[in-house]
Amino acid sequence: MKADFITTKLDYVLGWARKFSLFQYPFVTACCGMEYMAAACAHFDIDRFGAGLTRFSPRQADLLLVVGTVTQKLAPVLRKIYDQMTEPKWVIAIGACAVSGGIYNNYAVVQGIDKIIPVDVYIPGCPPRPEAILDALIKLQNKIQNQPQAWKWREKLGK
Amino acid sequence: MERETRKMKESKTIKILKEKFPKDILKFSAPFGDETLLIKKDSLIKIMKFLKENPELGYSLLLDITCVDYLGEKPRFELIYHIYSFRLNHRLRIKTRIDEKNPITESVISLWKNANWLEREVYDMFGIKFKNHPDLRRILMYDEFEGYPLRKDYPLRKRQPRLPGLE
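Residue positions are given per chain, counting from 1 as you read along its sequence in written order. Chains and ligands are labelled sequentially in the order written, the chains with letters from A and the ligands with numbers from 1. The predicted origin of the model limits local features to residues at a pLDDT of at least 70 and limits the giving and counting of side-chain atom pairs to 80 or more, whereas totals for whole chains, interfaces and linings rest on all residues. Computation of side-chain values: all heavy atoms of the structure, hydrogens and water removed.

### Some details on the overall build of chain B
Inference 1: The helix and strand inventory of chain B stands at three helices and seven strands.
Inference 2: Reading the helices (α) and strands (β) of chain B from amino to carboxyl end gives α-β-β-α-β-β-β-β-α-β.
Inference 3: Taken along its principal axes, the extent of the C-alpha atoms in chain B is 60 × 35 × 25 Å.
Inference 4: Partly exposed residues are those whose accessible area sits between 20% and 50% of the maximum for their type, while under 20% is buried and over 50% is exposed, using a 1.4 Å probe and protein chains only. Split into buried and exposed, the 167 residues of chain B put 47% on the buried side.
Inference 5: Any two residues whose heavy atoms approach within 4.5 Å at even a single point are treated as in contact. Contacts spanning at least 24 positions in sequence make up 53% of the contacts within chain B whose residues lie at least 6 apart.
Inference 6: Of the accessible surface of chain B, which amounts to about 9,600 Å², a share of 51% is contributed by carbon and sulfur atoms.
Inference 7: Residues scored as positive are Lys and Arg, those scored as negative are Asp and Glu, and His as well as the terminal groups of each chain are ignored. Just so you know, the charge point we use is NZ for Lys, CZ for Arg, CG for Asp and CD for Glu. Treating the 35 positive side-chain charges of chain B as one cloud and the 26 negative ones as another, the clouds have centres 3 Å apart. A run of H or I in DSSP counts as a helix once it spans at least four residues, and a run of E counts as a strand once it spans at least two, with each numbered from the N terminus. Throughout, the Shrake-Rupley method with a 1.4 Å probe supplies accessible areas, and for residues the shown protein chains are the sole cover considered.

### Observations regarding the sheet that holds strand S2 (residues 63-67) of chain A
In sheet architecture, strand pairing relies on hydrogen bonds along the backbone and comes in two forms, parallel and antiparallel.
All names here are of chain A.
Inference 1: For two strands to pair, DSSP has to find at least two bridges joining them. Spatially, S1-S2-S3-S4 is the arrangement adopted by the four strands of the open sheet, whose pairing is parallel. In this open sheet, the two strands that pair with only one neighbour each are strand S1 (24-28) and strand S4 (121-123). Looking at each pair of strands side by side, their axes are set apart by 15 degrees on average, direction ignored.
Inference 2: As defined by bridge partners, strand S3 (residues 90-94) adjoins S4 across three bridges and the pair is classed as parallel. When the sheet's bridge partners are listed, Ile 92 is paired in S4 with Val 121. A fitted line through C-alpha atoms represents every axis, and for helices the fit uses only the stretch in contact; the resulting angles, taken between N-to-C directions, go from 0 to 180 degrees.

### Here's the deal with the confidence of the model for chain B
Residues and elements named next belong to chain B.
Inference 1: In the predicted model, chain B carries a mean pLDDT of 88, and the fraction of residues at 70 or more is 93%.
Inference 2: Think of pLDDT as the predictor's per-residue confidence, scored from 0 to 100. Within chain B, the lowest mean pLDDT, 89, falls on helix H1 (residues 12-20), and the highest, 95, falls on strand S3 (residues 61-69).
Inference 3: Listed scores for the predicted complex are pTM 0.83 and ipTM 0.76.

### A look at the packing of aromatic side chains
Inference 1: Two rings from Phe, Tyr or Trp (for Trp, the six-membered ring) form a pair when their centres are within 6.5 Å of each other. A pair whose planes differ by under 30 degrees is stacked, one over 60 is edge-to-face, and the rest are tilted. All told, the structure shown has eight aromatic pairs over all chains when counted by the stated rule.
Inference 2: Site record: aromatic cluster; members linked through ring pairs are Tyr 107 of chain A together with Tyr 142, Phe 145 and Tyr 154 of chain B.
Inference 3: Here the basic side chain of Lys 89 of chain A rests over the ring of Tyr 82 of chain A, its NZ or CZ set 4.2 Å away from the ring centre. Distance and angle both matter: a charge sits over a ring if NZ of Lys or CZ of Arg is within 6 Å of the ring centre and within 35 degrees of the ring normal.

### Some points on the pattern of salt bridges
Residue and element names in this part refer to chain B.
Inference 1: Salt bridges are defined by distance alone: a side-chain nitrogen of Lys or Arg within 4 Å of a carboxyl oxygen of Asp or Glu. In the structure shown here, the tally under the stated rule is 20 salt bridges over all chains.
Inference 2: Across the pair Glu 53 and Lys 49 runs a salt bridge whose closest N-O atoms are separated by 3.6 Å. With Glu 53 and Lys 49 both in helix H2 (residues 44-53) and four residues apart, the pair spans about one turn of that helix.
Inference 3: Residue Asp 69 pairs with Arg 76 through a salt bridge whose shortest N-O separation is 2.7 Å. Each member of the pair Asp 69 and Arg 76 is classed as buried.
Inference 4: Here the salt bridges share partners, and the residues they tie into one network are Asp 69, Arg 76, Glu 100 and Asp 153.

### Brief notes about helix H1 (residues 10-19) of chain A
Residue and element names in this part refer to chain A.
Inference 1: Within the span of H1, buried status applies to Gly 15, Arg 18 and Lys 19. One side of H1 holds all its buried residues, which, seen down the axis, span an arc of 90 degrees.
Inference 2: Where the residues of H1 are buried, they touch S3 and helix H5 (130-146). What the arc describes is the spread of directions from the helix axis to the C-beta atoms.

### Structural notes on the interface of chain A and chain B
Inference 1: Listed per partner, the contact involves 12 residues of chain A and 18 residues of chain B.
Inference 2: By buried area we mean how much accessible surface two parts lose on assembly, using a 1.4 Å probe and totalling the loss over both. Where chain A abuts chain B, roughly 1,300 Å² becomes buried across the two surfaces, and 58% of that area is made up of carbon and sulfur atoms.
Inference 3: For the chain A face of the interface with chain B, the top three residues by lost area are Gln 72, Lys 73 and Tyr 107 of chain A, together amounting to 55%.
Inference 4: Applying the counting rule to chain A against chain B returns zero salt bridges.
Inference 5: Identification of polar contacts relies on pairs of N or O atoms within 3.5 Å, with a donor-acceptor requirement for protein atoms, meaning one able to donate a hydrogen and the other able to accept it, and with residues adjacent in sequence counted only if both atoms are side-chain atoms. The interface formed by chain A and chain B holds four residue pairs in polar contact (both at pLDDT 80 or more) in total.
Inference 6: By residue class, the composition of the side of chain A that touches chain B is five nonpolar, four polar and three charged. Residues are grouped as follows: nonpolar covers Ala, Val, Leu, Ile, Met, Phe, Trp, Tyr, Cys and Pro; charged covers Asp, Glu, Lys and Arg; every other residue, Gly included, is treated as polar.

Written out as structure tokens, the structure is:
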């Protein structure tokens, strides 16, 4: 019999589709941005992993990259941007400052963006190399693939 | 500070100033060759105006205003002005001490317009108020911030998160 159909789980297909079409919103505030730019451009080429389309509007993005230091003054802005993104959405904290405040343990700097928004993957380093950013992206893809997907019929079924 | 004072000739500016304001100048030093004058707080505007408007001197550029908190000393704060004369190609540092109980001094905006933001920064970080400043608000920190973070008695670990429920 000619096999022109496949059987799979809806969760699996949704995860597969979502992990390879991440639209990213880069929230770049500091020097880690240079490493992110290197990762995004041709030499390291983040597009190989399906995350090549950068959107400069949070409403069109589903991956928030927080790249660099976030101050207390900036915290409401970051929160607003996260809230504007549509579900499903993921967050990567790139660099020591975004992860924990880094070297800035003082009155002005938020001690890690997980104080403001939930974070999926943390990348340490000051700054992290582009390979580390790609590695984090692959880790996030694995997470997306294996997590229960949010979809409309799931709510209808009440599961 | 005196340990590095070189045995150099006093510049023209210092000679003129010492002649003109003998009672207002408390101390002269030249650490690393940078001539520094400690003056009385009340004669700040008088001396600054003279430095800027005297045709021989012409200190037309205000480079920076900053402050140091010498906690425990009296008076506690030291306000520092860096000014520059194109005519003489000379840099001058003017210092004045400010008391903790009444941290207020005259603004120099009437002489140099860029003092506006510099004085706002000193106000933001040290809480020193400037008389006759047109717009004395915080410049770096947000308006809800309490206290002055660069004062030595501001707690190192104190956090004032702007979003409620943080930290």
